[in-house]
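Below are the chains, spelled out letter by letter.
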Amino acid sequence: MTSKGFNRLMMVCLWIVLAFMYIPIVAIIGMSFNATDYGMFPYVFTVKWYETLFTTSNLLPACWQSIKFSLLVAVSALLIGTMTAYGLQYLSPKTAEKFNFFMKLPIIIPWLVMSISLLLLFSFIGSGRSYFAMYLGNLIVVLPYVVLLVNARFLDMDRTPEAAARLLGASPARVFLDVTLPGIMPGMLAGGLMALIMCFNNFTLQYYLIPTGLKGGNTLPVLVFTRIKSGYQADLNALSAIIVLIAVIIVIVFSRLGFSAGSLFGMSGGAKKKGE
């Protein structure tokens, strides 16, 4: 195969992958405006599923419950993870490498195994399913992402300004707030965003650890699973379309602020400079 033919084949593969990724998203947005209850043809335009979503549906309360819970977990993971990554800088390289290895284990271990283990642990100590158990379980899962991403920013950034600030008499708190914090901010944004998304989507842990009769109702993943078992309801398409729109807006906002995908997820340094 010639080089030109190989390049064409790779382009075909690229378009197939993009189609595989985005056709379901476009389809569910289109079906959110379809009058048919089961998202089938013939296609008849309507907005009644959005009216149902904002009036009688129980999806929005569950979505708000998931957002509040995910924010709580993400903020906790961000604070603990940033302090942990900061402490890693004062360990020897060999010790830090071992610590990083153990931080990766919750990422590698399947969520199903983690969920059952935590359920057995909390049942053994007499707690069982509870909001705290669900919070702790999700925190354990998302915390390694924050630590690894913030630590990557620490390793990538220039530490000379910190030393210069200390030589000029700045206190440790002043050095961290004025010099270190702006440098690791892309990693913190990446870690916080990753923790928020992972917690919001984590059906397995929430299903096994959520208490019965939780104040405010079920989280969105658990409610969707419960509703799918009883039958398809098209207001879910409307909520999915809104979530996709919010995700697109977030990506556009970060792009406008100058953060590329690489800088946001700790793979390059910070915001892009003007002219780059």
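Report on the accompanying structure. (Residues numbered from 1 in each chain as written. Predicted model: local features only at pLDDT ≥ 70, side-chain atom pairs only at ≥ 80, totals over all residues. Heavy atoms only, no water.)

1. With respect to the environment of valine 222
Phase 1 of the analysis: Inspection of the secondary structure puts valine 222 in helix 10 (residues 220-230).
Phase 2 of the analysis: Here the alpha-carbon distance between valine 222 and alanine 62, two residues 160 residues apart in the chain, equals 8.9 Å.
Phase 3 of the analysis: With residues near it in sequence (within four places) discarded, valine 222 still touches Phe203, Gln206, Tyr207 and Ile210. (Helix = DSSP H or I, 4+ residues; strand = E, 2+ residues; numbered from the N terminus. Contact = heavy atoms within 4.5 Å.)

2. Observations concerning empty space enclosed by the protein
Phase 1 of the analysis: Enumeration over the complete set of coordinates arrives at 1 cavity of 30 Å³ or more.
Phase 2 of the analysis: A volume near 60 Å³ is recorded for the largest cavity.
Phase 3 of the analysis: As for the largest cavity, its lining consists of Leu59, Leu223, Val224, Arg227, Ile228, Gly231, Tyr232, Gln233 and Leu236.
Phase 4 of the analysis: The element contributing the most residues to the lining of the largest cavity is helix 10, with 4 residues. (1 Å grid on protein atoms, 1.4 Å probe; cavity = no way out; pocket = protein on both sides within 12 Å on 5 of 7 lines; lining within 4 Å. Points joined across faces, edges and corners; volume = space filled by probe spheres on them.)

3. Considerations on the pattern of salt bridges
Phase 1 of the analysis: Following the criterion strictly, the structure yields 4 salt bridges and no others.
Phase 2 of the analysis: For arginine 153, the salt bridge is made with aspartate 156, and the minimal N-O distance between the two is 3.2 Å. Of the two residues, arginine 153 and aspartate 156 both sit in helix 6 (residues 131-156), 3 residues apart, roughly one turn of that helix.
Phase 3 of the analysis: With a relative accessible area of 45%, aspartate 156 lands in the partly exposed category.
Phase 4 of the analysis: The shortest N-O distance in the salt bridge between arginine 227 and aspartate 235 comes to 2.6 Å. The exposure classification of arginine 227 matches that of aspartate 235, with both residues buried. (Salt bridge = Lys/Arg side-chain N within 4 Å of Asp/Glu carboxyl O. Buried < 20%, exposed > 50% of the residue type's maximum accessible area, 1.4 Å probe, protein only.)

4. A word on the environment of valine 146
Phase 1 of the analysis: In this fold, valine 146 is placed in helix 6.
Phase 2 of the analysis: In this structure valine 146 comes out as buried when scored by relative accessible area, which is 0%.
Phase 3 of the analysis: As a C-alpha pair, valine 146 and methionine 103 span 43 residues in sequence and 10 Å in three-dimensional space.
Phase 4 of the analysis: With near-sequence residues (within four places) excluded, valine 146 lies in contact with Ala77, Leu78, Gly81, Thr82, Gly191 and Ala195.

5. Some thoughts on the packing of helix 2 (residues 48-55) against helix 11 (residues 235-256)
When two helices pack together, their arrangement is captured by the angle between the axes and the distance separating the axes.
Phase 1 of the analysis: With their axes 8 Å apart at the nearest point, helix 2 and helix 11 run at an angle of 85° to one another. Taken together, helix 2 and helix 11 sit at an angle that is classed as roughly perpendicular. Between helix 2, through Trp49, Tyr50, Thr52, Leu53 and Phe54, and helix 11, the contact on the second element is made entirely by Asp235, Ala238, Leu239, Ala241 and Ile242.
Phase 2 of the analysis: In terms of residue class, the contact of helix 2 with helix 11 is made up of 8 nonpolar, 1 polar and 1 charged. (Axes fitted to C-alpha atoms, helices over the stretch in contact; angles between N-to-C directions. Parallel < 35°, antiparallel > 145°, perpendicular 65-115°, else oblique. Nonpolar A, V, L, I, M, F, W, Y, C, P; charged D, E, K, R; others polar.)

6. Side note on a nonpolar patch on the surface
Phase 1 of the analysis: Where nonpolar side chains cluster on the molecular surface, the patch consists of Val17, Phe20, Met21, Tyr22, Ile25 and Val26 and spans about 630 Å² of accessible area.
Phase 2 of the analysis: Counting through the fold element by element, methionine 21 comes out in helix 1 (residues 3-31). (Patch = residues over 30% accessible without salt bridge, like charges linked within 9 Å, V, L, I, M, F, W, Y side chains within 5 Å. Areas by Shrake-Rupley, 256 points an atom, 1.4 Å probe, with all protein chains shown as cover.)

7. A closer look at the nonpolar core
As a rule of thumb, soluble globular proteins bury nonpolar side chains together.
Phase 1 of the analysis: Formed by 35 residues in total, the largest nonpolar core has its most connected members in Val73, Ala77, Val142 and Val150.
Phase 2 of the analysis: Put simply, the parts of the chain that give this core at least two residues each are helix 3 (59-88), helix 4 (93-108), helix 5 (111-124), helix 6, helix 8 (172-201) and helix 9 (203-209).
Phase 3 of the analysis: Counting residues per element, this core draws most heavily on helix 6, which supplies 12 residues.
Phase 4 of the analysis: In contact with valine 142, not counting residues within four places along its chain, are Val73, Ala77, Ala195, Met198 and Cys199.
Phase 5 of the analysis: Counting residues in hydrophobic clusters, the runner-up holds 14 residues, among them Trp49, Leu53, Leu220 and Leu239. (Core = buried A, V, L, I, M, F, W, Y, C linked by side-chain atoms within 4.5 Å.)

8. Comments concerning the side chain of asparagine 138
Phase 1 of the analysis: As for its position among the elements, asparagine 138 is in helix 6.
Phase 2 of the analysis: For asparagine 138, a relative accessible area of 0% corresponds to the buried category.
Phase 3 of the analysis: Apart from residues lying up to four places away in sequence, asparagine 138 is in contact with Phe69, Val73, Cys199, Asn202, Leu205 and Gln206.

9. Notes on the packing of helix 3 against helix 6
Phase 1 of the analysis: Direction vectors running N to C along helix 3 and helix 6 enclose 45°, while the axes themselves pass 7 Å from each other. Classified by the interaxial angle, the pair formed by helix 3 and helix 6 is oblique. Relative to helix 6, helix 3 is oriented so that their crossing is right-handed.
Phase 2 of the analysis: Here the residues of the contact of helix 3 with helix 6 sort into 19 nonpolar, 6 polar and no charged. (Left-handed = near helix turned anticlockwise from the far one by under 90°.)

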